[in-house]
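Topology and contacts: notes
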Amino acid sequence: GKATKRSIASVLISATAGMIAWSSGVPTLALKYSPDVVGGFVQAPGMSKVCNLLERRLCFSSDWVIQQGEQGECMVIVNRGKAELVYCSVTVGMLWPGKTFGSPQMLGVERIYHASLWPKTTCHLLLMSKKALNSLATGTAERRWILSLRDRARATLEVETRLFQKKVRE
């Protein structure tokens, strides 16, 4: 059928329920961080700098966020909504607010995404790129911290890949 501005607006408003703030009677997308994402760390030193470096993306259930085998350098954090992890066309997991995918790519452990990310509902996602992360690592302490994160990401990638392969075999 024919899409009108009114029908598109009503779909957007209903699909982003909980993400819409009203200002002077006009709906606007509230790019607030979910309590599950930020938790008690808002007051932590440097947290505001990290939040400013995050790219924000609104994705609908008809959009692939990441395709398995695609190259990338971003970690995705689900701020609002739910997304499925798909490995070899099989759903192997679910991400909800506060959960992440792609840390090996952001940390330079692996360039290829080992699974796909598909929004199950409309999602507000936060993306942290490798470049943004590196801009935070100005001192020796931060570099050591990133190296330890890299080791954890490598181990997580190996465990996830084995788990995903097992789920596909079942």
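Quick note: structure is the one above.
The model shown is predicted, which means the values in this text are computed figures rather than measured ones.

**A look at the nonpolar core**
Counting 19 residues, the largest nonpolar core has Val-65, Ile-66, Val-76, Leu-85, Phe-101, Leu-117 and Leu-125 as its most contacted members. At the level of elements, strand E4 (74-80), strand E5 (83-87), strand E6 (90-95) and strand E9 (123-129) are the ones that each hand at least two residues to this core. Filtering out sequence-adjacent residues up to four positions away, Phe-101 remains in contact with Ile-66, Cys-74, Met-75, Val-76, Leu-85, Leu-95, Tyr-113, His-114, Ala-115 and Glu-160.

**Some details on the sheet that holds E6**
Read across the open sheet, the three strands follow the order E6-E5-E8; overall the sheet is antiparallel. Edge positions in the sheet fall to E6 and strand E8 (116-119), since each has one partner strand and no second. Across the sheet, the mean angle separating the axes of adjacent strands is 35° when strand polarity is ignored. Relative to E8, E5 runs antiparallel, the two sharing four bridges. Looking at the pairing, Leu-85 lines up with Leu-117 of E8. Across the sheet, helix H6 (residues 140-169) touches E5 and E6, and the angle it forms with E5 is around 80°.

**Quick word on the pattern of salt bridges**
Taken as a whole and assessed by the stated rule, the structure comprises four salt bridges. A salt bridge links Glu-55 to Arg-57; its shortest N-O distance comes to 3.4 Å. Accessibility expressed as a relative area gives 41% for Glu-55, which makes it partly exposed. With a shortest N-O distance of 3.3 Å, Lys-120 and Glu-84 are connected by a salt bridge. With Lys-120 in the loop between E8 and E9 and Glu-84 in strand E5, this residue pair connects regions lying 36 residues apart in the sequence.

**Focus: the packing of aromatic side chains**
Where two aromatic rings form a pair, the distance of their centres and the angle of their planes describe that pair. All told, the structure shown has three aromatic pairs when counted by the stated rule. Consider the rings of Trp-64 and Trp-118, whose centres lie 4.4 Å apart with planes at 65°: the pair is edge-to-face. Here Trp-64, found in the loop between strand E3 (55-59) and E4, pairs with Trp-118, found in strand E8; they are 54 residues apart in sequence, far enough to count as distant. By relative accessible area, which is 38% here, Trp-64 ends up partly exposed. When its relative accessible area of 24% is taken as the criterion, Trp-118 is described as partly exposed.

Quick notes on the rules
- Residues numbered from 1 in each chain as written.
- Predicted model: local features only at pLDDT ≥ 70, side-chain atom pairs only at ≥ 80, totals over all residues.
- Heavy atoms only, no water.
- Core = buried A, V, L, I, M, F, W, Y, C linked by side-chain atoms within 4.5 Å.
- Buried < 20%, exposed > 50% of the residue type's maximum accessible area, 1.4 Å probe, protein only.
- Helix = DSSP H or I, 4+ residues; strand = E, 2+ residues; numbered from the N terminus.
- Contact = heavy atoms within 4.5 Å.
- Pairing = 2+ DSSP bridges.
- Axes fitted to C-alpha atoms, helices over the stretch in contact; angles between N-to-C directions.
- Salt bridge = Lys/Arg side-chain N within 4 Å of Asp/Glu carboxyl O.
- Phe/Tyr/Trp six-rings, centres within 6.5 Å; stacked < 30°, edge-to-face > 60°.

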